[in-house]
Structures are given as C-alpha cells and as structure tokens.
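# Examination of the molecular architecture
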Amino acid sequence: MFSYFTKNEANQALPDVIKKFEFALTQKNIVAKLEQELQMSITISNSLENYITIKQKLNSAMTKFFESLETLENTGVSVKSIEEGLLDFPSKRFDEDVWLCWKYGETEIKFWHEKDSGFMGRKPIEVNDESLI
C-alpha cells in the first residue's frame, strides 16, 4: 500500500527496513555466488548432474532474492540499488513529490532529493525543515 513518509515516520521505520535490506543483500550475494559456481561447473566439470544441481539451487536462491525485494518494498520504500545500498522513501515537500534518501550504513534519514534526481541530487534535511510532511 502506498503512503508518504514524514522524516520521523521514515526514521521510525528504518530499523525494520535495514533488517529487510540486509536480508535482501544476503540473498543477492547467495545468487551471485551460485552464478559463479554454475559458471565454474561448466568450465571445470563435464557433469550434467552437477550443473543441474547448482542450477536448481540458483533458481531457488533467485526466488528467495526476489521475494526479499518484494518484502522490503512492501514497507513502502523504493529500492534504487541493492549493490550501492540505496533506498528512497516517498515524501512531500510542500506540494511536490520528493524522496527521502537513505544509503546503507546511515543510521537515520538525513537527505532528500527531487523525484527525478538521484543520489547525486541529495540535499540535507534542515533541522527546522517543516516543508517535508
């Protein structure tokens, strides 16, 4: 369900969002490892059984990864990049749609950007910025 976040609401949701993000990141790393393993099995081994076994594990891991992304985005955030650790929370600044921006490693929401600019367009949220809903 879609909703806008205030800075406080985003910060309150952040611990749960971080936990879900870290789980999705773990799932992505498992997929990457199995993809490498699959490539290695093609070049090192001629065993179709080994290839099929790894491929089935990869399929399962990919399903878990996409499910973890769905669970994460069901919190209301938008995943911009798992690799770079970028998530955005929809918000409003006056009457304009904007994103509250979070990068993995940050402990609170401190930045925002316009909806059509990305990470490079981040601006700090002012202490008294009452324009964000």
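Report follows, based on the coordinates. This one's a predicted model, so the numbers in the text were calculated from it and none came from an experiment.

## Side note on helix 2 (residues 48-73)
Under the 1.5 Å per step criterion, the end-to-end length of helix 2 is 37 Å for 26 residues, consistent within 8% with the ideal 38 Å. Burial in helix 2 covers these residues: Ile 54, Leu 58, Ala 61, Phe 65, Ser 68, Leu 69 and Leu 72. Where helix 2 is buried, its residues meet helix 1 (7-44), strand 1 (78-81) and strand 2 (86-93).

## Regarding the pairing of strand 2
With respect to burial, strand 2 is a largely interior element, six of its eight residues being buried. Where strand 1 and strand 2 come together, three bridges link them in antiparallel fashion. When the bridges of strand 2 are listed, Ser 81 appears paired with Leu 86. Linkage of strand 1 to strand 2, two consecutive antiparallel strands, is achieved through a turn of four residues, within which Gly 85 is found at a positive phi near 70°. Pairing of strand 2 with strand 3 (residues 96-103), which is carried by eight bridges, proceeds in the antiparallel orientation.

## Brief notes about the environment of Ala 32
Within the secondary structure layout, Ala 32 lies in helix 1. In this structure, the C-alpha to C-alpha distance between Ala 32 and Phe 5, residues 27 residues apart in sequence, is 33 Å.

## Here's the deal with the pattern of salt bridges
Inspection of the entire model under this criterion finds six salt bridges. The partner of Asp 97 in a salt bridge is Lys 92, and the shortest N-O contact between them spans 2.9 Å.

Cut-offs used in this document
Residue indices follow the written sequence of each chain, beginning from 1 at its first position. Selection of residues for local features in this predicted model requires a pLDDT of at least 70, selection of side-chain atom pairs for listing and counting requires 80 or more, and totals for whole chains, interfaces and linings are taken over all residues. Hydrogens and water molecules were not included; the side-chain quantities draw on all heavy atoms of the structure. By definition, any uninterrupted DSSP run of H or I lasting at least four residues is a helix, any uninterrupted run of E lasting at least two residues is a strand, and each is numbered from the N terminus. Helix span is expected to be 1.5 Å times the residue number reduced by one. The cut-offs for exposure are 20% and 50% of the maximum accessible area for each residue type, with area from a 1.4 Å probe on protein chains only; residues under the lower value are buried, those over the upper are exposed, and the others partly exposed. What makes two residues a contact is simply this: any of their non-hydrogen atoms within 4.5 Å. DSSP bridges decide pairing: two strands pair if at least two such bridges lie between them. Take a side-chain nitrogen of Lys or Arg and a carboxyl oxygen of Asp or Glu: if they are within 4 Å of each other, that pair is a salt bridge.

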